[in-house]
Amino acid sequence: MEPIIIEGTPKTPTVKFDAAQGIFEIKGRSIPENSVEFYKPLVDWLDSYKEGPLPKTVVNIKLEYFNTSSSKCILDVFKKLEAIHKAKNEVEVNWYYEEDDEDMLEAGEDYESIIRVPFKMIEIVE
Amino acid sequence: MSFDLETYFSEKPEGNIILFYKGNVDSDVINHVLDTVEEKMIAANEQSRLRKKVYNVLVESLQNLYHHVDKVPADFEDQSAERYGMLAVKKDGNSYRIITGNFVNLENALKLEAKIKRINRSSHEEIKELYKFILNHQRISAKGGGGLGLVDIARKTGNKFIYSFRKYNDTYSFFYLDILVNEEN
């Protein structure tokens, strides 16, 4: 599978989905007006990956900001990962947040409570 | 009947206006406002916690205008704007106020007011649960909004909304939303 590599912009995150390594990363700011347009290709890609995933997939989410319309799209990404996990593959989500950013920690905890995939909350100390 | 968009501001003179905009709210305007306010907060040495809250609330406020404003009334002075909105960012001591204004037709005004009242009478825990419920159960609307903007703002600020609907004519009101962002919450 071809990896997805998208450079970040002031409104959209850097994305690296590498099927060969089983390492997926979303990093930066996700505040576009039209989030579906940005995330749909990622969700479609995960649908294909789901057909033959590696035994272990690691997902690193390092978001500085995300808007509420991205929050629904990110949930869609997690739902695909949940399906991979449900099919007896190991999936681990590392949710990074800056040390003073309780809102970002709480956002991660929201997803953790909705999605049945192990989450690790990782504080970034500067 | 006199109608003046700036009336609301002259009635509430506290704080310094650090940004004021009225006109069409498109993607470029949103980018510009976000960059300007972020630069000003960095220049003012604001704590990153407060900076992030203000930035988040600003994103949601602007995108609420972008996704949800109703068309301007036919006799309004500015007919060129597809999405007419007004925004002010004020610094008031250690707090920021983000004030938006936009036209709403009367039917939407009723729905909006019911939504705001529901949020304003909810506890912080209830707002968190409401956020999670909408996140998990509601699809993104045709307009592209998630229906989460106001709930998210209430959750992040921990403050009640101050708002008013001023009658413009028989079909339109002008809606003001005044959001306090401070460090305590």
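Our structure is the block above this text.
The paragraphs below set out a description of the structure included in this document. (Residues numbered from 1 in each chain as written. Chains lettered and ligands numbered in written order. Predicted model: local features only at pLDDT ≥ 70, side-chain atom pairs only at ≥ 80, totals over all residues.)

### Some remarks on the overall build of chain A
Helix and strand counts for chain A come out as three helices and six strands. Listing every helix and strand of chain A by position from the N terminus yields β-β-β-α-β-α-β-α-β. Its C-alpha radius of gyration of 14 Å places chain A within 12% of the 14 Å reference for a compact globule of 126 residues. Referenced to the eigenvectors of the C-alpha coordinate spread, the extents of chain A come out at roughly 40 × 25 × 25 Å. Intrachain contacts of chain A at a sequence separation of at least 6 include 69% that bridge at least 24 residues. (Helix = DSSP H or I, 4+ residues; strand = E, 2+ residues; numbered from the N terminus. Rg over C-alpha atoms; globule rule 2.2 N^0.38 Å. Contact = placed C-beta atoms within 7 Å.)

### Quick look at the sheet that holds strand β3 (residues 95-105) of chain B
Residue and element names in this part refer to chain B. Ordered in space as β1-β2-β3-β5-β4, the five strands form an open sheet in which the pairing is antiparallel. Here the strands that pair on one side only, and so sit at the sheet edges, are β1 (16-24) and β4 (162-167). Pairwise comparison of adjacent strand axes, ignoring direction, gives a mean angle of 15° for this sheet. By the bridge criterion, eight bridges tie strand β2 (residues 84-92) to β3 in an arrangement that is antiparallel. By the bridge assignment for β3, K91 is matched with Y96. The sheet contacts of helix α3 (residues 48-68) involve β2, β3 and β5 (172-181), and relative to β3 the element is tilted by about 10°. (Pairing = 2+ DSSP bridges. Axes fitted to C-alpha atoms, helices over the stretch in contact; angles between N-to-C directions.)

### Comments concerning the nonpolar core
Counting residues in hydrophobic clusters, the biggest one holds 69 residues, and the most contacted among them are V77(A), L81(A), V54(B), L58(B), L62(B), I98(B) and F103(B). The biggest single contributor to this core is α3(B), with eight residues. Setting aside chain neighbours within four positions, we find V77(A) in contact with Y39(A), L42(A), V43(A) and L46(A). (Core = buried A, V, L, I, M, F, W, Y, C linked by C-beta atoms within 7 Å. Buried ≥ 20, exposed ≤ 12 C-beta atoms within 10 Å, placed from the backbone.)

### Brief notes about the interface of chain A and chain B
Taken residue by residue, the interface counts 18 residues in chain A and 22 residues in chain B. Among the elements of the structure, α2 (68-86) and α3 (102-114) of chain A are those that each provide at least two residues to the side of chain A that touches chain B. Looking at the side of chain A that touches chain B residue by residue, the classes come out as six nonpolar, six polar and six charged. (Nonpolar A, V, L, I, M, F, W, Y, C, P; charged D, E, K, R; others polar.)

### Some thoughts on the environment of D75(B)
Residue and element names in this part refer to chain B. Assignment of secondary structure puts D75 in the loop between α3 and β2. D75 gets classed as exposed once you count the C-beta atoms within 10 Å, which come to 9. Once the C-alpha coordinates of D75 and N169 are considered, the two residues, 94 residues apart in sequence, prove to be 10.0 Å apart.

### Examining helix α6 (residues 149-157) of chain B
By the criterion of burial, α6(B) is predominantly enclosed, with nine of the nine residues buried. Among the residues of α6(B), G149(B), L150(B), V151(B), D152(B), I153(B), A154(B), R155(B), K156(B) and T157(B) are the ones counted as buried. In this fold, the buried residues of α6(B) make contact with α2 and α3 of chain A together with α3, α4 (106-120), α5 (124-137) and β5 of chain B. Looking one or two residues past α6(B), G158(B) carries a phi angle of roughly 70°, positive in sign.

### Digging into the sheet that holds strand β4 (residues 56-66) of chain A
Residues and elements named next belong to chain A. Strand order in the open sheet formed by six strands is β1-β2-β3-β4-β5-β6, with mixed pairing between adjacent strands. The sheet is open, and its two edges are formed by β1 (4-6) and β6 (119-124), each paired on a single side. Across the sheet, the axes of successive neighbouring strands diverge by a mean angle of 15°, strand direction being ignored. Note that β1 and strand β2 (residues 14-18) share three bridges and pair antiparallel. If you follow I6 over to β2, its bridge partner there is V15. Its contacts with the sheet put α2 on β3 (23-30), β4 and β5 (90-98), and the angle it makes with β4 is roughly 170°.

### Thoughts on the pairing of β2(B)
Residue and element names in this part refer to chain B. In terms of residue burial, β2 counts as a mostly covered element, since seven of its nine residues are buried. Where β1 and β2 come together, eight bridges link them in antiparallel fashion. Counted as the bridge partner of N24 is Y84 from β2. With antiparallel pairing between neighbouring strands as the criterion, β2 and β3 make up a hairpin whose turn holds two residues, including G93 at a positive phi of roughly 65°.

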